[in-house]
Amino acid sequence: MAAFLQWRKFVFFDKDTVKDPVDNGKHFALPPGVCACDSGRGHVVLGDILQQLMLMILHNVLLYLYKSPLTYTILHMDGKIWLLTRSLQVTSFQAYKLRVTHLYQLKQHSILVSVGQDEHGINPLVKVWNLEKRDSGNPLCTRIFPAIPGNKPTEVSCLSVHENLNFMAIGFTDGSVVLTKGDITRDRHSKTLTLHEGTSPVTGLAFRQVAKVTHLFVSTLEKVHCYTLSIKEYPKVELDTHGCALRCSSLADPSQDSQFIVAGEECVYLYQPDERGPCFAFDGNKLLAHWHRGYLFLLIRDAKSPNKSEFSSRESSPSDKQLLTIYDLDNKFIAYTASFDDVIDVVAEWGSFYILTRDGKMFILQEKDTQTKLEMLFKKNLFVMAINLAKSQHLDSDGLSEIFRQYGDHLYLKGDHDGAIQQYIRTIGKLEPSYVIRKFLDAQRIHNLTAYLQALHRQSLANADHTTLLLNCYTKLKDSSKLEEFIKSSESEVHFDVEIAIKVLRQAGYHSHAVFLAEKHTHHEWYLKIQLEDLKNYQEGLRYIGRLPFEQAESNMKRYGKTLMHHVPEGTTLLLKGLCTNYQPSGDSAERDSLGKGRANKANSEEFIPIFANNPRELKAFLEHMIEVDPRSPQGVYDTLLELRLQDWAHEQDPARKKVLQGEAVSLLRSDNTVFDKALVLCQMHNFKEGVLYLYEKGKLYQQIMHYHMQNEEYGKVVEACKRYGEQEGCLWEQALGYFARKEEDCKAYISEVLHHIDQNNLMPPLLVVQTLAHNSTATLSVIKDYLINKLQRESQQIEDDERKINQYREETTHLRSEIQELKTSAKIFQKTKCNMCNSPLELPSVHFLCSHSFHQHCFESYAESEAECPTCTPENRKVMDMLRAQDQKRDLHEHFNKQLRSSNDGFSVVADYFGRGVFNKLTLVTDPPGNKTVGSLEVNLQRNLLIQTKRNS
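An unreviewed UniProt entry lists the protein chain under the name Vacuolar protein sorting-associated protein 11 homolog, with Eleginops maclovinus as the source organism. One UniProt comment on the protein chain, placed under Sequence similarities (unreviewed entry), says "Belongs to the VPS11 family." Reading the Function (unreviewed entry) entry of the UniProt record for the protein chain gives the comment "Plays a role in vesicle-mediated protein trafficking to lysosomal compartments including the endocytic membrane transport and autophagic pathways. Believed to act as a core component of the putative HOPS and CORVET endosomal tethering complexes."

Encoded structure:
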């Protein structure tokens, strides 16, 4: 039970008297005799029965209670219904002939339900009006039916209509309740039944609709009931054994869960459909109870008024003072209280509340705006109440945040830092965090600052600075439990920048916490940085890298490979071998299987060579593993391995082991996977003779091979190189001769051997040989004596052979000329008896040629390619002609001639050869048939015949 005396009183409403819009100086006057009223759909509905008529309604009540009648008089009866608009325009229409007793205006429909009398006696009629439709200028009456429970006439005490127009309940003074179900605006679509019967007059009715369930609350002077109308049997629940007076019940809105409000003598009770809810100790003689827009309106007889008899406690005399109090049940305060004279009713319309009094006046209560009400509360430091009020008024989050801030400031100034920080926490998201943080930077308030920063992180509104500050708070407080709780929160509860947290923990020396956070949130770089740089846990760092995906493992090995190689060489080498072949993480098997189904993960082994800078043994093992697993490894792998093997070979002292290392290095060179230039430089740096000579030979650098032997003064190797490569490069013998000629030692044997090869292959002119050997002081004439004798003998023999050929050619030329002359001057006798083609005896017609060949005509025509040429001599003639044409074409090959001239040791012989082939002669070929006007000269024919004859002899 809520104690009324503990509730604070405020003036949240402004009271004013409604002025007449026509005459601003006068008060607006209600129509005379108004007693029944309601509001909705933009107007106030008034009924014109006088108050004395209510005595008729209470007559049976008083007779029931006290067994004594009460006399009353009717001063005025009109039967009109008045409609009051917002502009205070008053219109009326005749609804009944005698009087109007009850009005009910629906809020969602322009439907007005009235109860009144057209005849004297107890004959109440219910009329349903459609205010939007007109009939002869008046609202359309859609339905009329008598309000009589059964056959016993009785007065109507209360009326309620459901907003869906499917239910209407009428309460009577004899304790009966009649329910009309169906369309209340039509007779055909509805039916009427007596829902409730009793001996106590019905004082209040209210429909409650929640989802698809409909309830009807019924209050009498003695009890409170609830009927469930959505169930066919209409089950009834008795909620209480005491009731209320007439007009002292109402239905709350959904803010109070649509509870039924009953204002009793001592308390105000709230009821659910199945039980009684809370109650409020509002004592006093209740005259009226209404619920409007979240407020409870109670009209109570003023305690200062003179006492009345027990009978008339429900009514007021013209001199009675009545106290209207407006309660906010949610926030537990009194929003307004004022005294009025003889209140008829309180209605809510047009955003305000109107109090109608019996003296014809109408007062307006206008609610102050929310900000004004809050400022009033702020002045009294009632921040909790202000917060509750703001929430009930559905103030936006910005407005609420401002209240929380002011409340927090108030508590902070009072020294209640714990309470202040709780209010500041409620401003998160609206108030700038720095406003709060600056207030609590004092070391004595670090607990409060920590609480605020924790809340800031829980709402995911913390930035990097906030995370840093919170972790620093934890570290200064040395609150390891809170720190662990913060960093070990689940993934869905992480509301901070993990990377910033790791940095702060690392700087504060909480390395284990930082490592845990980095591993949990897969910040691999931070995990490795802390493990390797701070904790020096190299083995764990290496194990962690081996569990990472390929790309991350590769990048981290490039970053930390040197450090790991220095401290864990074997494990690092093993990991690199796997990383550069077919990497599989060493973590979960399911992860390995999923990665294994994809592409092969293989890093470039050449990129990891710098990691082994100070570990040549591990580097050599790594490189040998790579070329064994992948023969197509990058060339840098082979070059580096070659360098390592050469270094081992150079430093090895054991001859047997040195020979093995030499074989390994040579085999690597022979694999053809090394870069030629790099390999040559490496072999030269380490003076690896076998490698240098192999590479020279591979690169066809024959002169370099010989120069290498010359530098090492290996005379026999020089001669051997000339023999081996002299055919590919003839100048080697000349260079060898010059080399030996410059030597002052006794090299006669080598000079003789070189001269022998020069002489046999005619590689140098004798004069050049003599000039070359003239530089050697130890070389005497006896060294070249045999060479010169042999050379002169061959030259003499060559001269004799040439003279003999000249004489032979002269004789043949003379013979050919005589034959030509004979052919030109003498007749040719053809004495052939057989055909040179078919070897058969010749028969006429036959064909004869000057070359002494004869043919049958049919044989000649069958085999001859040209009528002007002998078929037998044609092949030989064609060969000669082709040779002549070839010589003619070669005359233009200047580059070829110059090249041979430059490369030959005997340029004169090259020139003589080209002269001999007639390259420098102008040659004219006679190929025209006989009878042509162009006939070659005798010299041309002679030259041709000489060439043919030369060809035959050769």
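1. Some remarks on the overall build of the protein chain
Tallying secondary structure elements over the protein chain gives 32 helices and 32 strands in all. Counting only residues that meet the buried cut, the protein chain has 46% of its 954 residues in that class. By element, 49% of the accessible surface of the protein chain is carried by carbon and sulfur atoms, the whole surface being about 50000 Å².

2. Regarding the pattern of salt bridges
The tally for this structure, following the rule as stated, stands at 21 salt bridges. Between Arg-405 and Asp-409 there is a salt bridge, and its shortest N-O distance comes to 2.6 Å. With Arg-405 and Asp-409 both in helix H4 (residues 397-414) and 4 residues apart, this pair spans about one turn of that helix. Residue Arg-405 is classed as buried on the basis of its relative accessible area, which comes to 18%. Between Glu-554 and Lys-558 there is a salt bridge; the shortest N-O distance is 3.6 Å. With Glu-554 and Lys-558 both in helix H14 (residues 550-567) and 4 residues apart, the pair spans about one turn of that helix.

3. Here we look at a nonpolar patch on the surface
A contiguous nonpolar patch, built from Leu-823, Phe-830 and Leu-850 and spanning about 280 Å² of accessible area, is present on the exposed surface. Mapped onto the elements of the fold, Leu-823 is located in helix H27 (residues 781-825). Classification of Leu-823 by relative accessible area gives partly exposed; the value is 44%.

4. Describing the UniProt feature "domain: RING-type" (unreviewed entry) in the protein chain
Within this structure's numbering, the places UniProt gives as "domain: RING-type" (unreviewed entry) are residues 835-874. Here residues 835-874 is 20% helix and 15% strand, with 16 Å between the C-alpha atoms at its ends.

5. Some points on the packing of helix H8 (residues 464-477) against helix H9 (residues 480-487)
If you want to describe how two helices pack, look at the angle between their axes and the distance between the axes. Interhelical geometry of H8 versus H9 gives an angle of 150 degrees and a closest axis separation of 8 Å. Between H8 and H9, the crossing angle belongs to the class labelled roughly antiparallel. Note on packing geometry: the crossing formed by H8 with H9 is left-handed. Contacts between H8 and H9 pair Leu-470, Leu-471 and Tyr-474 from the former with Lys-482, Leu-483 and Phe-486 from the latter. Residue composition of the contact of H8 with H9, by class: 5 nonpolar, no polar and 1 charged.

6. Observations concerning the sheet that holds strand E12 (residues 156-161)
Either a parallel or an antiparallel arrangement is found when strands of a sheet pair, and the pairing is made through backbone hydrogen bonds. Here we have 4 strands laid out as an open sheet, ordered E12-E13-E14-E15, and antiparallel in their pairing. At either margin of the open sheet sits one strand with a lone partner, and together these are E12 and strand E15 (190-196). Strand-to-strand twist across the sheet, computed as the mean angle between neighbouring axes with direction ignored, equals 20 degrees. Where strand E14 (residues 177-182) lies against E15, 6 bridges are found, and the strand directions are antiparallel. Across the sheet, the residue bridging to Leu-179 is Leu-193, located in E15.

7. Here we look at the environment of Ser-39
If you trace the backbone, Ser-39 turns up in strand E4 (residues 36-40). For the pair Ser-39 and Tyr-104, spaced 65 residues apart in sequence, the C-alpha to C-alpha distance is 8.1 Å. In this view, Ser-39 contacts Val-44, Gln-105, Lys-107, Val-347, Ala-348 and Glu-349; residues no more than four positions away in its chain are not counted. A distance of 3.0 Å separates a polar side-chain atom of Ser-39 from the backbone oxygen of Ala-348.

8. Quick look at the state of the cysteines
For the coordinates displayed, the defined rule picks out 0 disulfides. No disulfide involves Cys-873; its sulfur sits 3.6 Å from that of Cys-851, the nearest cysteine.

9. Here's the deal with the pairing of strand E18 (residues 224-228)
Counting buried residues along E18, 5 of its 5 residues qualify, which places the element largely inside the surrounding structure. Alternating residues of E18 divide into Val-224, Cys-226 and Thr-228 and His-225 and Tyr-227, and every residue in both groups is buried. As judged from the 5 bridges shared by strand E17 (residues 213-220) and E18, these two strands associate in the antiparallel manner. Opposite His-215, over in E18, you have Thr-228 as the bridge partner. Counted between consecutive antiparallel strands, the loop separating E17 from E18 contains 3 residues. Here E18 runs beside strand E19 (residues 236-240); their pairing, made up of 4 bridges, is antiparallel. When the sheet's bridge partners are listed, Cys-226 is paired in E19 with Val-237.

Calculation rules
- Residues numbered from 1 in each chain as written.
- Predicted model: local features only at pLDDT ≥ 70, side-chain atom pairs only at ≥ 80, totals over all residues.
- Heavy atoms only, no water.
- UniProt positions renumbered as here; feature names shortened; annotations may be inferred.
- Helix = DSSP H or I, 4+ residues; strand = E, 2+ residues; numbered from the N terminus.
- Buried < 20%, exposed > 50% of the residue type's maximum accessible area, 1.4 Å probe, protein only.
- Areas by Shrake-Rupley, 256 points an atom, 1.4 Å probe, with all protein chains shown as cover.
- Salt bridge = Lys/Arg side-chain N within 4 Å of Asp/Glu carboxyl O.
- Patch = residues over 30% accessible without salt bridge, like charges linked within 9 Å, V, L, I, M, F, W, Y side chains within 5 Å.
- Axes fitted to C-alpha atoms, helices over the stretch in contact; angles between N-to-C directions.
- Parallel < 35°, antiparallel > 145°, perpendicular 65-115°, else oblique.
- Left-handed = near helix turned anticlockwise from the far one by under 90°.
- Contact = heavy atoms within 4.5 Å.
- Nonpolar A, V, L, I, M, F, W, Y, C, P; charged D, E, K, R; others polar.
- Pairing = 2+ DSSP bridges.
- Polar contact = N/O pair within 3.5 Å; in protein donor to acceptor, adjacent residues only side chain to side chain.
- Disulfide = S-S within 2.5 Å.

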